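Listed here are the chains, written in short residue letters.
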Amino acid sequence: MPRGRYSLHDPHDHTPLGEEHFHCAPGPSGWRYVSQVTTPTGDHRGSVDLAVDELGRPIRLELHASSWQVRGAALDGVTWVRTDPTGTHTTEGNVRAHAFTGTSPAFLIALTRLLRLTPGAPETRVRLVAFTDPVLAPLTVDQSWALLGSERHPTDHGPLTVDAYQVSTLDTGERHTVHIAGDVVLAAPGVELEDLDTPPSAFPA
C-alpha cells in the first residue's frame, strides 16, 4: 500500500497550492485512493476518497473542499450530488461522460486504468467532469490521451516501469505529459511526488 506526499502548484505560474498526503491500494474489486489536502501553511484544505472497479470505472467518489462536498459515481455516464456549506443549495448533476477529474493525482491513475492504452495506438478521446477549486464547481472537459511509451528503471526494490502519457485538452489545445508508475504519479502539470514510503503497486495485467 503506497503512502506518500504530493506537492501541488498552479501549472501555469507555479504558485504553491499545498500538499496531498495519500495512501492507495489495489484490491480484488478494483483500486482505492484516500488523501488529505493541506494549504501551503499546513492547514487542512480538503480530502479525496476515490474507488474504482476492476475496469477503472468510478464506483464511489467523495470530495471535500472549503466546506463543500461532492459525492459521485458512474451511473448513466457520471452522476454526482454537490452540497454547499449550509446544505440549502444541494444540486445534482449527470453527464454522459467517462469519468471524473480534478486537481488530485488520483484521477490520473484512475483514468489510465479505465483507458488501458497501448503504445503507438491512436489518441483516445474522453469526456470528463472536473470538479474545480476552490468550491468543487463541476465543469465538463474533453481530452485526448495517448501512451507514448514505457521505460524500466532499476531501483533498490527491483525494476520500476514508468509510463509516459500525452494528454491534450481539446478546447484549449493545451498538451502536456504525465509520468506514472503503477498507482503513483511521478510527475504531471501541477503535481510533484515528494515522498513515497513504499514502492508503487503493480496492477494486474
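Let me sum up the structure you'll find in this document. Everything numeric here is computed off the predicted structure, so don't read it as measured data.

Some words on the packing of aromatic side chains
Applying the stated criterion across every chain yields a total of seven aromatic pairs. Ring geometry for Trp 31 versus Tyr 33: centroids 5.9 Å apart, planes at 45°, classification tilted. Per residue, the accessibility class of Trp 31 equals that of Tyr 33, and both read buried. Relative to Phe 131, the ring of Phe 100 lies with its centre 5.6 Å away and its plane at 35°, an arrangement referred to as tilted. A residue pair is termed long-range when its members are at least 10 positions apart, and Phe 100 in strand S9 (residues 99-101) and Phe 131 in strand S10 (residues 124-132) qualify at 31 residues. Each member of the aromatic cluster is reached from another via a ring pair, and the members are Tyr 6, Phe 22, Trp 31, Tyr 33 and Phe 203. Lying across the ring of Phe 203, Arg 113 places its NZ or CZ 4.0 Å from the centre.

Thoughts on the pairing of strand S5 (residues 58-65)
Here seven bridges tie strand S4 (residues 44-53) to S5, and the two strands are oriented antiparallel to one another. Its bridge partner being in S5, Val 48 is matched across the sheet by Leu 63. In this structure, the hairpin formed by S4 and S5 is closed by a connection of four residues, where Gly 56 is found at a positive phi of approximately 90°. When S5 meets strand S6 (residues 68-74), the two strands line up antiparallel, connected through five bridges. Each residue of the ladder has a partner; that of Ala 65, found in S6, is Trp 68. Linking two consecutive strands that pair antiparallel, namely S5 and S6, is a turn of two residues; a positive phi of about 50° is found at Ser 66 within it.

What to know about unusual backbone geometry
The amide bond that connects Asp 133 to the next residue, Pro 134, takes the cis arrangement and shows omega of 5°. Tracing the backbone through its elements, the reader meets Pro 134 in the loop between S10 and strand S11 (137-153). You will see that Arg 116, though not glycine, has its phi angle at about 50°, which is positive. Structurally, the position occupied by Arg 116 is in the loop between helix H1 (106-115) and S10. Notably, Leu 136 is not glycine yet its phi reads approximately 60°, a positive angle.

Thoughts on the nonpolar core
Among soluble globular proteins, nonpolar side chains are generally buried collectively. With 46 residues, the main nonpolar core has Phe 131 and Trp 145 as its most contacted residues. Here the element with the most residues in this core is H1; it accounts for seven residues. Once residues lying within four places of it in the same chain are set aside, the contact partners of Phe 131 are Leu 61, Leu 63, Val 70, Trp 80, Phe 100, Thr 101, Gly 102, Leu 136, Ala 137 and Pro 138.

Structural notes on the environment of Val 126
Here Val 126 lies in strand S10. C-alpha of Val 126 to C-alpha of Trp 145: the two residues are 19 residues apart in sequence and 7.7 Å apart in space. Ignoring sequence-local partners within four residues, the contact set of Val 126 consists of His 98, Leu 111, Leu 115, Val 141, Asp 142, Gln 143 and Trp 145.

Examining the side chain of Thr 112
The residue Thr 112 is located in helix H1 in this model. When near neighbours in sequence (up to four residues on either side) are disregarded, Thr 112 contacts Trp 145, Tyr 165 and Ile 180.

Some thoughts on the environment of Pro 105
You can see Pro 105 is positioned in the loop between S9 and H1. Pro 105 has contacts with Tyr 6, Leu 8, Glu 20, Tyr 33, Val 185 and Val 191, leaving out every residue within four places of it along the chain.

Observations regarding the pattern of salt bridges
Enumeration over the complete set of coordinates arrives at ten salt bridges. Across the salt bridge formed by Arg 175 and Glu 123, the nearest N and O atoms sit 3.8 Å from each other. One end of the pair, Arg 175, is in strand S13 (residues 175-181); the other, Glu 123, is in the loop between H1 and S10, and 52 residues separate them in sequence. Counted as one network, the salt bridges with shared partners bring together Arg 5, Glu 19 and Asp 195.

Cut-offs used in this document
Residues numbered from 1 in each chain as written. Predicted model: local features only at pLDDT ≥ 70, side-chain atom pairs only at ≥ 80, totals over all residues. Heavy atoms only, no water. Phe/Tyr/Trp six-rings, centres within 6.5 Å; stacked < 30°, edge-to-face > 60°. Buried < 20%, exposed > 50% of the residue type's maximum accessible area, 1.4 Å probe, protein only. Helix = DSSP H or I, 4+ residues; strand = E, 2+ residues; numbered from the N terminus. Lys NZ or Arg CZ within 6 Å of the ring centre and 35° of its normal. Pairing = 2+ DSSP bridges. Core = buried A, V, L, I, M, F, W, Y, C linked by side-chain atoms within 4.5 Å. Contact = heavy atoms within 4.5 Å. Salt bridge = Lys/Arg side-chain N within 4 Å of Asp/Glu carboxyl O.

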